[in-house]
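Letter by letter, the chains look like this.
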Amino acid sequence: PGQLAGHAMARPSFAQRKRFVGDFLRAAAGGLGMFAPILVFLALLIVGGGVLIAWLDQVPTRDGIYLALVTALTIGYGDLTPQQPLARLVAILVGVLGLAFSGLVVAVAVNAAHTALERNGAESGDER
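Residues numbered from 1 in each chain as written. Predicted model: local features only at pLDDT ≥ 70, side-chain atom pairs only at ≥ 80, totals over all residues. Heavy atoms only, no water.

I tried to follow the overall build of the protein chain on my own but got confused; where do I start?
Summing up its helical and strand segments, the protein chain has three helices and two strands in all. Reading the protein chain from its N terminus to its C terminus gives the helix and strand order β-β-α-α-α. Burial analysis of the protein chain (128 residues in total) assigns 26% to the buried set. A sequence separation of at least 24 residues applies to 65% of the contacts in the protein chain between residues at least 6 apart. Of the roughly 8,800 Å² of accessible surface on the protein chain, 68% is carried by carbon and sulfur atoms. (Helix = DSSP H or I, 4+ residues; strand = E, 2+ residues; numbered from the N terminus. Buried < 20%, exposed > 50% of the residue type's maximum accessible area, 1.4 Å probe, protein only. Contact = heavy atoms within 4.5 Å. Areas by Shrake-Rupley, 256 points an atom, 1.4 Å probe, with all protein chains shown as cover.)

Following this line, the structure appears as structure tokens:
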């Protein structure tokens, strides 16, 4: 117990964890700041798609936006579904935009975690 492949697994101290979280948040904020224009553009397209779906299906705008967000985030409750063929096509496009949005956010988070791990590994003298 507590060993992996012959290496002792020391639990990081509170200070090390705090430093890692700080490094992660700084790197994530920088990445999100860099991609903010793209993320805002994708979010506007998703909401706009919801407004278009509402107009095509003649439902309240809030329902169209709700459908678009649930679709874009790949939740898909199924409580609302587009009825018109063009509205369904827009919902598919909204889903693809949501995948791009989510993928970009995940990529920034993975990069931030990698950056934080590199910084903390180098500080502790751990050569990888």
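Even after reading the chapter, I still don't get the confidence of the model for the protein chain, so can you show me in this structure?
Close inspection of predicted coordinates is inappropriate in any region flagged by low pLDDT. The predicted model of the protein chain has a mean per-residue pLDDT of 91, with 88% of residues at 70 or higher. Looking over the protein chain, one finds the lowest element-wise mean pLDDT in strand E1 (residues 3-4), namely 52, and the highest in helix H2 (residues 61-72), namely 98. (pLDDT = per-residue confidence, 0-100.)

Even after reading the chapter, I still don't get unusual backbone geometry, so can you show me in this structure?
With the exception of glycine, most residues fall at negative phi, and the peptide bonds are largely trans. Its identity is not glycine, yet Gln58 carries a phi of approximately 55°, on the positive side. Looking at the secondary structure, you find Gln58 in the loop between helix H1 (14-57) and H2. The phi torsion at Thr74 lies on the positive side, around 55°, for a residue other than glycine. Tracing the sequence through the fold places Thr74 in the loop between H2 and helix H3 (85-123). In this structure Thr74 comes out as exposed when scored by relative accessible area, which is 56%.

Explain the nonpolar core here, please?
One recurring pattern in soluble globular proteins is that nonpolar side chains are buried together. Of all hydrophobic cores here, the largest spans 10 residues; its members are Ile46, Ile53, Leu56, Leu67, Ala68, Ala72, Ala87, Val90, Ala91 and Val94. Of all the secondary structure elements, the ones that give two or more residues to this core are H1, H2 and H3. In terms of residue count, the dominant contributor to this core is H3 (four residues). (Core = buried A, V, L, I, M, F, W, Y, C linked by side-chain atoms within 4.5 Å.)

Would you take a moment to explain the side chain of Asn120 for this structure?
Residue placement: Asn120 occurs in helix H3. For Asn120, a relative accessible area of 14% gives the class buried. Within polar-contact distance, the side chain of Asn120 engages the side chain of Asp23 at 3.1 Å. (Polar contact = N/O pair within 3.5 Å; in protein donor to acceptor, adjacent residues only side chain to side chain.)

In this structure, what is going on with H1? I would like to understand it.
Along an α-helix, residues three or four positions apart point the same way, because every turn accommodates 3.6 residues. The end-to-end C-alpha separation of H1 is 54 Å, well short of the 64 Å expected for 44 residues at 1.5 Å each. Taken as a whole, H1 carries its principal kink of about 60° at Phe35; the proline Pro37 stands between one and four residues after it. Directly after H1, the chain includes Gln58, whose backbone phi takes a positive value near 55°. (Expected span 1.5 Å × (residues − 1). Bend = angle between axes of the 7 residues up to and from the residue.)

Hey, could you run me through the pattern of salt bridges in this one?
Any two side chains of opposite charge can pair, so long as their charged atoms come close to each other. Taken as a whole and judged by the stated rule, the model has one salt bridge. Close ionic contact of Arg26 with Asp23 constitutes a salt bridge, the shortest N to O distance being 2.7 Å. With Arg26 and Asp23 both in helix H1, this residue pair falls three residues apart, about one helical turn. We classify Arg26 as exposed; its relative accessible area is 54%. Exposure remark for Asp23: the relative accessible area of 6% places this residue in the buried category. (Salt bridge = Lys/Arg side-chain N within 4 Å of Asp/Glu carboxyl O.)

Would you take a moment to explain the environment of Val21 for this structure?
Locating Val21 in the fold gives a position in helix H1. Taking the C-alpha atoms as reference points, Val21 and Leu117, 96 residues apart in sequence, are found 9.8 Å from one another.

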